[in-house]
Amino acid sequence: MKFIDTHTHLFLKQFSGDIDSVINNAIASGVSKMFLPNISSSTTKAMMELCRKYPENCFPMMGLHPCDVKKESLEKELLHVEGMLEKNKFIAVGEIGLDLYWDKTTLDIQKEAFENQIKLAKKHQLPIVIHVRESFNEAIEIVEKLNDENLSGVFHCFTGDVRDAKRITDLGNFYLGIGGVLTFKNAGVDKTIKEIDLKHLILETDSPYLTPTPFRGKRNESKYILNIAQKLAEVKGVSLEEIAEITNKNAINLFKIL
Ligand code: NI
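Residues numbered from 1 in each chain as written. Predicted model: local features only at pLDDT ≥ 70, side-chain atom pairs only at ≥ 80, totals over all residues. Heavy atoms only, no water.

A. Structural context of the coordination of the nickel ion. Note on the nickel ion: its protein donors are His7 (NE2), His9 (NE2), Glu95 (OE) and Asp206 (OD). The metal-donor distances range over 2.0 to 2.6 Å. For the nickel ion, the 4 donor atoms in the first shell make angles of 84 to 171 degrees at the metal, so the coordination geometry reads as irregular. Mapping the donors of the nickel ion onto the primary sequence yields the spacing H-x1-H-x85-E-x110-D. Note that His7 is positioned in the loop between β1 (3-5) and α1 (19-28) and Glu95 in strand β4 (residues 93-99), a separation of 88 residues in sequence. As far as the burial class goes, His7 and Glu95 line up, both buried. (Donors = N, O, S within 2.8 Å, 3.2 Å for Na, K, Ca; no water. Tetrahedral: all angles 85-135°; square planar, octahedral: opposite > 155°, others 65-115°. Helix = DSSP H or I, 4+ residues; strand = E, 2+ residues; numbered from the N terminus. Buried < 20%, exposed > 50% of the residue type's maximum accessible area, 1.4 Å probe, protein only.)

Here's what the structure looks like:
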């Protein structure tokens, strides 16, 4: 069985001591493809190097994370994203979006960065990988405004309700990214996902964060996509094989990676 981890930050310092075994363990577990969302210009080099070392397994995205949107550096960071997109091959623009959990004072410039990067994605005909935290309505309003038949993407680490999910699938070419939160007791994501067709779902770990049960508290790794897939199989009442097959098909359809 093969799985795709559509969102994993394997280039971060949490992996610097044992990245080769992390990747080999993932591959040995059937997770042969890992998609890497960028954070900011400070992480680009490490991400690109890892993707060059594992060209069959690791695929980079380019974007500025909303938590790294700062007034003093925004212009420089957006020019970096734009320049990298011009000169290199990426599978998506990400991760981009809005985060009102850590800092509400930067909402205006976060919106500016989000819209700007959606436009870059359209220009380069790439899907967008969206981060939202306590900002779902603000973020989806922007996507609805800029949406057209060529725009596609994923709301990564989806934790909303059925109405939120419907609003995403109504966009046309957008998926819900399902990660470790699905395995958390009392998070309630399982009740929502029970109501959503598998054709809208892709799998992700968001490593090193959001480690699934029973490894909560430890560093997350791409091989734990199996624990998320297992939980999804339980929630949907289907086999693990079916989860692998459908979520891979969805991920390939979105990111165009074979
Ligand atoms: Ni992320």
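Following the structure, the description resumes.
B. Structural detail: the environment of Phe136. Position of Phe136 relative to the elements: it lies in helix α5 (residues 136-146). Separated by 22 residues in sequence, Phe136 and Phe158 have C-alpha atoms that sit 9.8 Å apart. The contacts of Phe136, once residues within four sequence positions are left out, are Phe155, Asp164 and Ile168. (Contact = heavy atoms within 4.5 Å.)

C. Main features of the pairing of strand β2 (residues 31-36). Burial within β2 is extensive, with 6 of its 6 residues counted as buried. Relative to β2, β1 runs parallel, the two being bridged by 3 bridges. By the bridge assignment for β2, Asp5 is matched with Met34. As for the winding sense of the linkage, the β-α-β connection from β1 through α1 to β2 is right-handed. Where β2 meets strand β3 (residues 58-60), 3 bridges bridge the pair, whose relative direction is parallel. (Pairing = 2+ DSSP bridges. Right-handed = clockwise from strand over helix to strand, strands pointing away.)

D. Structural view of the layout of surface pockets. Roughly 720 Å³ of internal volume is contained in the largest pocket. Forming the boundary of the largest pocket are 28 residues, of which His131, Val132, Arg133, Cys157 and Leu210 lie nearest the centre. Only β4 and β5 (128-133) provide two or more residues apiece to the lining of the largest pocket. Ranked by residue count, the leading element in the lining of the largest pocket is β5, at 3 residues. Looking at side-chain class alone, the lining of the largest pocket contains 14 nonpolar, 8 polar and 6 charged residues. Lining of the second largest pocket is provided by 16 residues; of these, Pro127, Ser152, Asn253, Leu254 and Lys256 occupy positions nearest its centre. With 3 residues, helix α9 (residues 240-255) is the largest single contributor of residues to the lining of the second largest pocket. (1 Å grid on protein atoms, 1.4 Å probe; cavity = no way out; pocket = protein on both sides within 12 Å on 5 of 7 lines; lining within 4 Å. Points joined across faces, edges and corners; volume = space filled by probe spheres on them. Nonpolar A, V, L, I, M, F, W, Y, C, P; charged D, E, K, R; others polar.)

E. How the structure looks around the sheet that holds strand β8 (residues 201-203). Overall, parallel pairing links the 5 strands, which are arranged β4-β5-β6-β7-β8 in an open sheet. The strands lining the two open edges of the sheet, one partner per strand, are β4 and β8. Across this sheet, the average inter-strand angle for adjacent strands is 30 degrees, counted without regard to direction. The pairing of strand β6 (residues 153-155) with strand β7 (residues 174-178) spans 3 bridges and is parallel. Bridge assignment links Val154 to a residue of β7, and that residue is Tyr175. Packing of helix α6 (residues 162-169) onto the sheet brings it into contact with β6 and β7, and relative to β7 it is tilted by some 135 degrees. (Axes fitted to C-alpha atoms, helices over the stretch in contact; angles between N-to-C directions.)

F. Focus on the side chain of Ser207. As for its placement among the helices and strands, Ser207 is situated in the loop between β8 and α8 (225-236). Taking relative accessible area as the criterion, Ser207 reaches 0% and is therefore assigned buried. Of the polar contacts made by the side chain of Ser207, one reaches the backbone nitrogen of Glu221; its length is 3.4 Å. With sequence-adjacent residues up to four places away left out, Ser207 is seen in contact with Asp5, His7, Thr8, His9, Phe15, Asn220, Glu221 and Ser222. (Polar contact = N/O pair within 3.5 Å; in protein donor to acceptor, adjacent residues only side chain to side chain.)

G. Inspection of the packing of helix α2 (residues 41-53) against helix α3 (residues 74-87) at higher detail. In contact at an axis separation of 10 Å, α2 and α3 are set at 30 degrees when each is read in the N-to-C sense. Classed by the angle they form, the pair α2 and α3 counts as roughly parallel. Residues Ser41, Thr44 and Met48 of α2 lie in contact with α3, whose contacting residues are Lys76, Glu77, His80 and Met84. Looking at side-chain class alone, the contact of α2 with α3 contains 2 nonpolar, 3 polar and 2 charged residues. (Parallel < 35°, antiparallel > 145°, perpendicular 65-115°, else oblique.)

H. Examining unusual backbone geometry more closely. In this structure, the amide linkage connecting Gly94 to the following residue, Glu95, adopts the cis form with an omega of 0 degrees. With omega at 5 degrees, the peptide bond leading from Ser207 into Pro208 counts as cis. Along the chain, Pro208 falls in the loop between β8 and α8. With a phi angle near 50 degrees, Glu134 is a residue other than glycine that sits in the positive phi range. Although it is not a glycine, Asp206 sits at a positive phi angle of roughly 60 degrees.

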